[in-house]
Amino acid sequence: MLDFFIVNVALPTIDHDLAAGPAVLELVAAGYGIAFAVLLVLGGRLGDSLGRRKLFMAGAVLFALTSLACGLAPTAWTLVGARVAQGAAAALLIPQVLATITASTSGPHRARALSVYGAAGGIAVVIGQVLGGMLVQADLFGSSWRAVFLLNVPFALAAALLALRAVPESRSDTPSRVDLPGTLLLCAALLSLFVPLMEGRAVGWPLWTWLSLGLFPFIAWAFIAVERRSEAAGRTPLVPLSLLRIPEMRRGLGIALLYFGNFGAFMFILAITLQQGLHLSPVDSGWALVPLAVGYFSTSLAGPRLIGRFGSRVITAGSLIMPTGLVVLMVTVLTDFEHLGVFSLLPAMFLIGSGNGLVGTPLFRVVLSTVPLERAGVGSGVLATAQQSSLALGVATLGTLFLALLPTVGMAHALVTVLVIELAGAAVVAYLSTRLPRSMG
């Protein structure tokens, strides 16, 4: 999760050093999330069959190697390819963490472990941009932006070595077969949607972009048909559509789509605004996000207790606090955009971070509490796929809209326009959250 966002604060420097251009920058940001989303469930299935510790270690080593490739990338397109490979490595590693927690813990220990996992992932999202700014500014050994990727190498290798002692080996007694047709069709559907959305504006919307967008609904239909047929035949598809018959699962996926899409776009747009619009240094840009990190950290830590007491009302509260922060940010931007800084942004950032911590951290636990225990792993995989796809979709849609508006309305009004759209998404999240189970049982 840290790696999806740590790159945001380095984007202007990458653009300067590699002459990337806005469209390629979007691919650098979102290519990781697309590969992660497509291969996440596949990584879980492989862990079930081959052994979760084995796949965790393999994923960690591959993550180190692909991070090294990102850090040494000589061109912008090489960096895009390395980011996609890095996302694929993450998709091997991450499912083994949740599956191992589920296999080796139970009762209160499992609830506590999942809460800590959710909080750590959420905090990493925000800390990523703060840490990224410091690394870029420090320019360690002349590494500039490359340090945000090279930092992963020793930590990923250490994780692989520590797993030998700390992670128990486990595998499923009845592992599901890999759904190769479903995986390929999901990959084709996401690429046919994301690539033209991110590249179309920069290249003048040539014919191939419209053809790709036109193919998307047909590929999506084929994916649904294949998944339905696979489930009817008694196999376990990549996305079991019968899960959508559970009302809370449908609403949870709706919340995930809007919430993570908004969040991915917000962090991408904010990084560009702070550095290219306000000309803040990478470190100052990172410090501007510290109040957001503090808010997220505080509510994430309180989340487990609040969920146990108030159930999904916690998500509803967060979905109301978050847009309050967006409104404060819009007023701040429109009042004096040229003199925005760490202190003037503090109230809005703290509110936005606090609201996000109350929505993102408990979402999985609340939604999966209604899914039958024997389907919890599949349900978690579907939600995680929706999460990663939505992060990339937010960058592809709202990020593209923001970049398209810049030349005509300026950065301040482009930012406010996107924030208004995010307010509408937050309103839908608030409504859907009222339809989730109020009690956790």
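Coordinates for the structure precede this section.
Predicted, not measured: the structure shown is a model, and the values here were computed from it.

Draft legend 1. The arrangement of unusual backbone geometry in detail. One non-glycine residue, tryptophan 205, lies in the positive phi region at around 50°. Topologically, tryptophan 205 is positioned in the loop between α9 (180–203) and α10 (207–232). The exposure class assigned to tryptophan 205 is partly exposed, which follows from its relative accessible area of 31%. Located in the positive-phi region is histidine 279, a residue other than glycine, with phi close to 60°.

Draft legend 2. Local environment of the packing of helix α3 (residues 22–50) against helix α5 (residues 76–104). Relative to each other, α3 and α5 sit at 30°, their axes nearing to 6 Å. It follows that α3 is roughly parallel to α5 by the angle criterion. α3 and α5 meet at a crossing whose hand is right-handed. Tallied by class, the residues present in the contact of α3 with α5 amount to 21 nonpolar, seven polar and one charged.

Draft legend 3. Inspection of the environment of proline 74 at higher detail. Looking at the element boundaries, proline 74 is found in the loop between α4 (52–71) and α5. With 57 residues separating them in the primary sequence, proline 74 and aspartate 17 have C-alpha atoms 9.7 Å apart.

Draft legend 4. Inspection of the environment of tyrosine 259 at higher detail. Locating tyrosine 259 in the fold gives a position in helix α11 (residues 247–277). Sequence separation of tyrosine 259 and proline 282 is 23 residues, and the distance between their C-alpha atoms is 26 Å. Other than its neighbours up to four places away in sequence, tyrosine 259 contacts Tyr296, Met322, Asn356, Val359, Gly360 and Val429.

Analysis parameters
Residues numbered from 1 in each chain as written. Predicted model: local features only at pLDDT ≥ 70, side-chain atom pairs only at ≥ 80, totals over all residues. Heavy atoms only, no water. Helix = DSSP H or I, 4+ residues; strand = E, 2+ residues; numbered from the N terminus. Buried < 20%, exposed > 50% of the residue type's maximum accessible area, 1.4 Å probe, protein only. Axes fitted to C-alpha atoms, helices over the stretch in contact; angles between N-to-C directions. Parallel < 35°, antiparallel > 145°, perpendicular 65-115°, else oblique. Left-handed = near helix turned anticlockwise from the far one by under 90°. Nonpolar A, V, L, I, M, F, W, Y, C, P; charged D, E, K, R; others polar. Contact = heavy atoms within 4.5 Å.

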